[in-house]
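Topology and contacts: notes
The primary structure of each chain is shown beneath.
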Amino acid sequence: MKNLSAIVLVLVMFVSCSSDQQKHRSEVQSYLDAYNKTYKDLYTASSEGQWKVNTHIVEGDTLNAYHSRVADEAMAMFTGSKSNIDKANEFLKWEKELEPLQVKELKKILFLAAGNPESVEDVVKERIKAETAQTEKLYGFKFSIDGKEVTPNDIDSVLTSSKDLDARKKAWEASKEVGKSLKGGLVHLRELRNKVVQALGYKDFFTYQVSEYGMTTEEMMDLLNKFNRELHPLFRELHTYARYEFAKKYGMKEVPDYIPAHWLSNRWGQDWGEMIKVEGLNLDSSLKTKNAEWIAKQGEKFYQSIGFDALPATFWEKSSLYPVAKDAGYKKNTHASAWHMDLDKDLRSLMSIETNSKWYETVHHEYGHIYYYQTYSNPDVPYLMREGANRAYHEALGSLMGLAAMQKPFAAGLGLVDANTKTDSMKQLLKDALHYVVFIPWSAGTMSVFEKELYANNLPPDQFNKRWWEIVKEYQGIVPPSERGEDYCDAASKTHINDDPAQYYDYGLSFILLFQLHDYISKNILHQDPHATNYFGNKEVGKFIQDIMRPGGSGDWRKLLKDKTGEDLSARAMLDYFKPLMEWLKKENAGRKYTLPEKI
């Protein structure tokens, strides 16, 4: 009888515990369902406001900015409300009894709250106001060369095509003038961003942003330094090669120890690929026979060919895909971006497509984001979790498609190049390295180190430009064409410093990740050389990518990568891809002076 009583008691306790668990899960789910619905509505209103601010900038008109600020403030009041913070903390006391997704959502609610806590409501409102003003200053700025107004695309055209160093210097300097007007706003935003997150216990804004990866600032910087160290020998060879080739191009008798910034086609030196033209793979000449709409539509055709659905009609109706006419009476943000307006079916892109290979690649990249949005907008993923597995995944999948679209078999399949034309494969590998490898010191080095010092170390404003150029020189081996005093703020000429802050490492990590994914696809699905693949029409490739996209942010990003590729995040695939180039560069650089250290 005693044994029977004990068994009954255990069963009663088990049923009671099970009943409590179900009750707790049900209570939490009711709260999460209500939170998700309100979150979606407010997110949509905020997105609409920001869309107008970015796509219709009229000098002196503050109405769009006002409406955007009101919507952002409503979003901030909800996500940062004391009641939501208290509820999430209260429910997390039951963490061991809840479903893993419920726990993840509750922690996401607290992360969002730290960006807008009610306890510092006035500071949050001031930050929103300051961010809107900074965006308008950045994209409403009138660039000019010799007193004549020019567009960012005009500046890029000079830096891409002109061999006149004086003209290049003027164009480069014109591109940096915007930083002067942004410096005060950046100082103010740094103070506000830090104050807001410190209210919920974060040391600083950089630490807050990094925490979304489940990492500390030290862990993130260690990871970035690891990738920079691993890729440095190859970057050192590229830097040496580029210095000598540029000196030859511009007719210089002496080769400088560091690359003058205006010698490069990219305003920030983040991509040197323009210096190499590959015979048999000149997409620009073919694309000039097309129009911008062809490029826009071709991107969709590619994704459909590997099994994705067509884009909704509203994408074509509501997106802003082409340059604004000079006499339109308004400007827009010229930085390409993808927008998930309502966390559901309203997908849009903001671009300024022109008929060249840069925009051809960009379209495929931006649609990667768009299709990621579309794929994880499914009933299994709550609105709160409709995001990348981590922020780098979004960029990686976009960049993966950009890489795929630029490979010769892919381009030949579209008739953009002749499949039978001989191509210098080493030159193509060099061009790829000048795009992908060169980007790592910029993203995982310059941008991340500067923003870490800006927010975590509270870098003094009178050292902004000095420190910026010290970091650029150390990581990228680039120097300005002339003295740049503290009246300038050259870092602020980069859009992300102002309106997408303290997360540029996302892009660096995404390049590491994209080569892992491409390596797996090439070897295990396509069974093709990673340097010459054609994803077009392969449904198995599409399934592999969709399986990564479908869970959104609802799972663990490390487990997802390990499950899909068998590897943790590693530069192994990227180094393997460029291994043949390393030996070629060493031969090319024999007898040349190296100016970057052997190791960092």
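Quick look at the structure, then. Sequence order as written defines the numbering, with residues in each chain counted from 1. In view of the model being predicted, local features appear only for residues whose pLDDT reaches at least 70, and side-chain atom pairs are presented and counted only at 80 or more, with totals across whole chains, interfaces and linings using the full set of residues. To get the side-chain values, all heavy atoms of the structure are used, and hydrogens and water are removed first.

The end-to-end C-alpha distance of helix α10 (residues 217-249), which contains 33 residues, comes to just 42 Å, noticeably less than the 48 Å that a straight helix rising 1.5 Å per residue would cover. Positive phi shows up at Gly251, right after α10, with a value of about 65 degrees. Runs of H or I in DSSP of at least four residues are treated as helices and runs of E of at least two as strands, each being numbered from the N terminus. Expected span, for any helix, means 1.5 Å times one less than how many residues it has.

Centres within 6.5 Å are what make two rings of Phe, Tyr or Trp a pair, Trp counting through its six-membered ring; a difference in plane orientation under 30 degrees is then read as stacked, over 60 as edge-to-face, and the rest as tilted. All told, the structure shown has 44 aromatic pairs when counted by the stated rule. Arranged with centres 4.6 Å apart and planes meeting at 15 degrees, the rings of Tyr303 and Tyr371 form a pair that is stacked. Here Tyr303 is found in helix α12 (residues 292-305), whereas its partner Tyr371 is found in helix α14 (residues 357-376), with 68 residues between them in sequence. Summary of the burial criterion: residues with accessible area below 20% of their type's maximum are buried, those above 50% are exposed, and those between are partly exposed, where the area comes from a 1.4 Å probe applied to protein chains only. According to the relative accessible area criterion, Tyr303 is buried, its value standing at 0%. Classification of Tyr371 as buried rests on a relative accessible area of 0%. Where Phe410 meets Phe536, the ring centres are 5.9 Å apart and the plane angle is 75 degrees; that geometry is what we call edge-to-face. With Phe410 in helix α16 (residues 408-413) and Phe536 in the loop between α21 (505-526) and α22 (539-549), the pair connects residues that are 126 residues apart, well separated along the chain. An aromatic cluster is built from Tyr436, Phe439, Trp442, Phe450, Phe464, Trp468, Tyr504, Tyr507, Phe511, Phe515, Tyr577 and Phe578, whose rings are joined through pairwise contacts. Think of it as a cone above the ring: NZ of Lys or CZ of Arg counts as a charge over the ring if it is within 6 Å of the ring centre and within 35 degrees of the ring normal. The ring centre of Phe205 lies 5.9 Å from the NZ or CZ of Arg193, which sits over that ring. Between Lys290 and the ring centre of Trp294, over which it is positioned, the NZ or CZ distance is 4.7 Å.

The next subject is the pairing of strand β4 (residues 337-340). Because side chains alternate across β4, one face comprises the buried residues Ser337 and Trp339, and the other comprises Ala338 and His340, equally buried. Only strands joined by at least two bridges in the DSSP assignment are considered to pair. Where β4 lies against strand β5 (residues 347-350), four bridges are found, and the strand directions are antiparallel. Among the inter-strand pairings, Ser337 is bridged to a residue of β5, identified as Leu350. From the end of β4 to the start of β5, which pair antiparallel, there are six residues, and Leu343 there has a positive phi angle of about 60 degrees.

Right, let's talk about the packing of helix α17 (residues 425-436) against helix α25 (residues 579-588) for a bit. Orientation is described by axes fitted as lines to C-alpha atoms, over the contacting stretch for helices, and by angles from 0 to 180 degrees between their N-to-C directions. Between α17 and α25, the least distance of the axes is 10 Å, while the angle of their chain directions is 100 degrees. Regarding the angle of α17 to α25, the classification is roughly perpendicular. Of the residues in α25, those in contact with Met426, Leu429, Leu430 and Ala433 of α17 are Pro580, Leu581, Trp584 and Leu585. Residues are grouped as follows: Ala, Val, Leu, Ile, Met, Phe, Trp, Tyr, Cys and Pro are nonpolar; Asp, Glu, Lys and Arg are charged; all remaining types, including Gly, are polar. Partitioning the contact of α17 with α25 into residue classes produces eight nonpolar, no polar and no charged. Here roughly perpendicular refers to angles of 65 to 115 degrees, roughly parallel to angles under 35, roughly antiparallel to angles over 145, and oblique to all remaining angles. Working rule for contacts: check all heavy atoms of both residues, and any pair within 4.5 Å makes them a contact.

Nine residue types can take part in a nonpolar core, namely buried Ala, Val, Leu, Ile, Met, Phe, Trp, Tyr and Cys, and a core is a set of them joined through side-chain atoms within 4.5 Å. With 151 residues, the main nonpolar core has Leu238, Trp272, Ile545 and Phe578 as its most contacted residues. Top contributing element to this core by residue count: α10, with 13 residues. With near-sequence residues (within four places) excluded, Phe578 lies in contact with Leu234, Leu429, Asp432, Ala433, Tyr436, Val437 and Phe515. Listed in part, the 24 residues of the second largest apolar core include Leu32, Tyr39, Ala113 and Leu343.

Below, the discussion takes up the pattern of salt bridges. By convention in these notes, a salt bridge is any Lys or Arg side-chain nitrogen within 4 Å of a carboxyl oxygen on Asp or Glu. The tally for this structure, following the rule as stated, stands at 45 salt bridges. In this structure, Lys226 and Glu230 form a salt bridge, with 3.0 Å as the shortest nitrogen-oxygen distance. Separated by four residues within a single helix, Lys226 and Glu230 lie in helix α10, roughly one turn from each other. On the basis of relative accessible area, Glu230 is assigned to the partly exposed category, the value being 31%. Between Asp519 and Lys523 there is a salt bridge; the shortest N-O distance is 2.9 Å. Residue Asp519 and its partner Lys523 are located together in helix α21, separated by four residues, close to a single helical turn. Using a relative accessible area of 10% as the deciding quantity, one classes Asp519 as buried.

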